[in-house]
Protein chains: 2
Amino acid sequence: MRSNCGIDRTPKQLRFACCLGAGHAERWASYYGDHSVSRLFAFAATTSGEWRISSIRGIVGESLPPASHLQVRAAPESPARESPAWVLRGITSNERYITRSEKDQLVAVQEGLGRPGSGCAALIPIRKSAVWWALSQDERRAIFEEHSKHVKVGLMHLPPVARRLHHCRDISADEPFDFLTWFEYAPAYEEGFNALVADLRASEEWKYVDREVDIRLIRDEA
Amino acid sequence: MRSNCGIDRTPKQLRFACCLGAGHAERWASYYGDHSVSRLFAFAATTSGEWRISSIRGIVGESLPPASHLQVRAAPESPARESPAWVLRGITSNERYITRSEKDQLVAVQEGLGRPGSGCAALIPIRKSAVWWALSQDERRAIFEEHSKHVKVGLMHLPPVARRLHHCRDISADEPFDFLTWFEYAPAYEEGFNALVADLRASEEWKYVDREVDIRLIRDEA
């Protein structure tokens, strides 16, 4: 995962314990717990950083407070020397629905994060309803792909869109979202990206989404 | 979940913040993170408590240090006024493999934890290999049930065996195990329980288990 992620091109773990005041380091560490390594990521709303927030829009349910910048960090890296307005955290994990054939198709065409041309990004946190989580695996799979064509729709936008899915639901019992998906794409592909999210939002699967926020970002050249 | 769990018959959440020294409460809170509620459980190796450890046996890979008792608590409840020798934590979650038909069969016959006759318990932490987690969902499902008959084998021992599965893999990136399964049964059913775990250990699924510890417990009447 790390090798595909331009966000983490300069590993900073070794600096974590020594370059920050103790209070700051402890506050940041408290977002992660004590033992996390590179599968866990934090998205921190800050006042500076490499991604400038262009919009935060509540799609379903409560939105998130405004902020000017977002910092994306692999735990246990530290954020800027400021207290973030909010932090969301998620962990990369095994896929839950896709078949071998779908996985092979995705792997064949997808590209990694951090491409120089990817000047746009989106962070889309979603939560699914208790009804969704009470379904059995075969019921969720049928809605995910046979009815909603989640993979087929996604494949139409590869490789222009690069993505990384983070799971939140099993980090603790009261994370505000179940998933955080991070997308990167070129500014010229914005319409295509909007079509992708519109198609997913019109699907049967999205009837089970009970909170969704759409955060758009532009790489800050400053 | 809570209502089925005899372990938690006396809720203690309200006492958490006020009845312990601050240092103790902070150490315990550090096992959980700040925000966890009742899906998250901790298994703490202590010197007293309602479950006496009769054996700790490493089945595959490294075992766990010896201890005399185990305390099972829903976060954020506190353990005894002692520092546990070790603590494992896991979170209940949605099922990952079973179909609607299998789920209905299980629900129809399973019984909850905390039955008065369940004088024996087992905690079996397991970790699965990186090869397992790199498989696609359909490949893991085929090994889990079509080849290994995990559900069919389990159903043969219901309702004598009651169980609760806890996921650990997505709490953080370096939990020592992927799953903690807690079992309760009557002393007279011990042979049946041994047959259940022997059947699972002989299955294709268990070829992907790269760490397993078998902890047996007896309810402490003292």
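Residues numbered from 1 in each chain as written. Chains lettered and ligands numbered in written order. Predicted model: local features only at pLDDT ≥ 70, side-chain atom pairs only at ≥ 80, totals over all residues. Heavy atoms only, no water.

1. Focus on the overall build of chain A
Stated formally: Starting at the N terminus, helices and strands are each numbered in turn, a helix being any DSSP run of H or I of at least four residues and a strand any DSSP run of E of at least two. Exposure categories follow from relative accessible area, calculated using a 1.4 Å probe and restricted to protein chains: below 20% of the type maximum is buried, above 50% is exposed, and the middle band is partly exposed. We call two residues contacting when some pair of their heavy atoms lies within 4.5 Å. Using a 1.4 Å probe, accessible areas were evaluated by the Shrake-Rupley method; residue-level cover was limited to the displayed protein chains.
Scanning chain A for helices and strands turns up seven helices and eight strands. Scored against the burial criterion, the 222 residues of chain A give a buried share of 54%. Considering only contacts within chain A whose residues lie at least 6 apart along the sequence, 80% involve residues at least 24 apart. When the accessible surface of chain A is summed, it comes to about 9800 Å², and 56% of that surface belongs to carbon and sulfur atoms.

2. Concerning the pattern of salt bridges
What counts, and what does not: Should a side-chain nitrogen of Lys or Arg be within 4 Å of a carboxyl oxygen of Asp or Glu, the pair is scored as a salt bridge.
Evaluated as defined, the whole model comprises 31 salt bridges over all chains. Its salt-bridge partner being R100 of chain A, residue D104 of chain A comes within 3.2 Å of it at the nearest N-O pair. Of the two residues, D104 of chain A and R100 of chain A both sit in helix α3 (residues 100-109), four residues apart, roughly one turn of that helix. With a relative accessible area of 27%, R100 of chain A lands in the partly exposed category. A salt bridge links R57 of chain B to D214 of chain B, with the nearest nitrogen and oxygen atoms 4.0 Å apart.

3. Looking at empty space enclosed by the protein
What counts, and what does not: Throughout, the protein atoms alone are placed on a 1 Å grid, and a set of points is a cavity if a 1.4 Å probe fits but cannot get out or a pocket if it is open with protein on both sides within 12 Å along at least five of seven lines; lining residues have an atom within 4 Å of a point. Grid points are joined across faces, edges and corners, and a volume is the space filled by probe spheres set on the points.
Summed over the entire model, instances satisfying the criterion amount to three cavities of 30 Å³ or more. Roughly 120 Å³ of internal volume is contained in the largest cavity. As for the largest cavity, its lining consists of 13 residues, and the residues nearest its centre are R96, W133, H167 and F179 of chain A together with N94 of chain B.

4. Notes on the interface of chain A and chain B
The extent of an interface is frequently quoted as the accessible surface area lost upon association of the parts. Stated precisely, the cut-off is as follows: Two parts placed together each lose some accessible area; with a 1.4 Å probe, that loss summed over both constitutes the buried area. Residues adjacent in sequence count toward polar contacts only when both atoms are side-chain atoms; beyond that, a polar contact is any pair of N or O atoms within 3.5 Å, and within protein one must be able to donate a hydrogen and the other to accept it. Gly is put with the polar residues, along with every residue not named as nonpolar or charged; the nonpolar set is Ala, Val, Leu, Ile, Met, Phe, Trp, Tyr, Cys and Pro, and the charged set is Asp, Glu, Lys and Arg.
Across the contact, 31 residues belong to chain A and 32 residues belong to chain B. Between chain A and chain B, the buried area comes to about 2800 Å², and carbon and sulfur atoms account for 42% of it. Between R39 of chain B and D170 of chain A there is a salt bridge, and its shortest N-O distance comes to 2.7 Å. Summed over the shared surface of chain A and chain B, the number is 20 residue pairs in polar contact (both at pLDDT 80 or more). Contributing elements (two or more residues each) for the side of chain A that touches chain B: α3, α4 (130-134) and α5 (137-147) of chain A. Top contributing element to the side of chain A that touches chain B by residue count: α5 of chain A, with four residues. A breakdown of the residues in the side of chain A that touches chain B according to their chemical character gives nine nonpolar, ten polar and twelve charged.

5. Thoughts on the side chain of N94 of chain A
Within the element layout of this structure, N94 of chain A appears in the loop between β4 (86-91) and α3. A relative accessible area of 6% means that N94 of chain A is categorised as buried. The residues contacting N94 of chain A, other than those within four sequence positions of it, are H167 of chain A together with W133, R140 and R169 of chain B.

6. Details of the confidence of the model for chain A
One rule of thumb: low pLDDT means the predicted coordinates there are not for detailed reading. All names here are of chain A. Our working rule: For every residue, the predictor states its confidence as a pLDDT score lying anywhere from 0 to 100.
On average, residues of chain A carry a pLDDT of 85, and 80% of them reach 70 or more. Between residues 1-37, whose pLDDT stays under 50, and residues either more than four places distant or in other chains, the model counts 76 contacts. Per the prediction output, this complex has pTM 0.83; the corresponding ipTM is 0.82.

7. Looking at the packing of aromatic side chains
Residue and element names in this part refer to chain A. Heads up, the condition is: Each aromatic pair joins two rings of Phe, Tyr and Trp (for Trp, the six-membered one) with centres within 6.5 Å, and gets the label stacked for planes under 30 degrees apart, edge-to-face for over 60, and tilted for any other angle. When the NZ atom of lysine or the CZ atom of arginine is within 6 Å of a ring's centre and also within 35 degrees of its normal, the charge is said to sit over that ring.
Counting across every chain of the model gives 16 aromatic pairs over all chains. Their ring planes at 55° and their centres at 5.4 Å tell us that W132 and Y208 sit as a pair that is tilted. Residue W132 is found in helix α4, and its partner Y208 is found in the loop between α7 (190-201) and β8 (209-219); the two are separated by 76 residues along the sequence. The pair formed by W132 and Y208 is uniform in burial state, with each residue classed as buried. By the ring-pair criterion, three or more aromatic residues cluster together here, those being Y97, W132, F144 and Y208. Between the NZ or CZ atom of K128 and the centre of the ring of W132, over which it lies, the distance is 4.0 Å. Looking at R169, its charged tip hangs above the ring of W133, at a distance of 4.3 Å from the centre.

8. Here's the deal with the relation of the copies chain A and chain B
Mapping between the two copies of the chain is achieved by a rotation about an axis and a shift along the axis. Keep this limit in mind: Superposition of the copies was done by least squares, using only C-alpha atoms of residues whose pLDDT is at least 70 in both.
Screw-axis analysis of chain A against chain B gives a translation of 0.0 Å along the axis, an RMSD of 0.0 Å, and a rotation angle of 180°. Between the two chains, the operation in question is that of a two-fold axis. Relative to the rotation axis, the closest C-alpha in chain A is found at I171 of chain A, a distance of 1.9 Å.

9. Some remarks on the environment of Y208 of chain B
Given the relative accessible area of 18%, Y208 of chain B is considered buried. In this structure, Y208 of chain B is in contact with R127, K128, S129, V131, W132, L135 and I143 of chain B, ignoring residues within four places of it in sequence.

10. Some words on the pairing of β8 of chain A
Residues in a regular strand point their side chains to alternate faces of the sheet. Residue and element names in this part refer to chain A. Inclusion rule: Each pair of strands is called paired provided DSSP finds at least two bridges between the two strands.
Buried residues dominate β8, accounting for nine of its eleven residues. Pairing analysis gives eight bridges linking strand β2 (residues 51-60) to β8, with the strands arranged antiparallel. Note on β8: the bridge partner recorded for S55 is R216. Both strand β5 (residues 120-128) and β8 contribute to a ladder of seven bridges, which runs antiparallel. Directly across from L123, in β8, lies its bridge partner I215.

11. Quick look at helix α2 (residues 100-109) of chain B
We apply this condition: Think of it as the arc spanned by the lines of direction from the helix axis to the C-beta atoms.
Among the residues making up α2 of chain B, those that are buried are E102, K103 and L106 of chain B. Projected onto a plane normal to the axis of α2 of chain B, the buried residues spread over an arc of 100° and lie on a single side. Along its buried surface, α2 of chain B packs onto α4 of chain A together with α4 (137-147) and α5 (150-155) of chain B.

12. Remarks on α5 of chain A
Among the residues of α5 of chain A, those classed as buried are Q137, R140, R141, I143, F144 and E145 of chain A. The buried residues of α5 of chain A occupy an angular sector of 160° when projected down its axis, which confines them to one face. Of the surrounding elements, those touching the buried residues of α5 of chain A are α3, α4 and α6 (150-155) of chain A together with α4 of chain B. Looking one or two places after α5 of chain A, you find K149 of chain A, whose phi comes out positive at around 55°.

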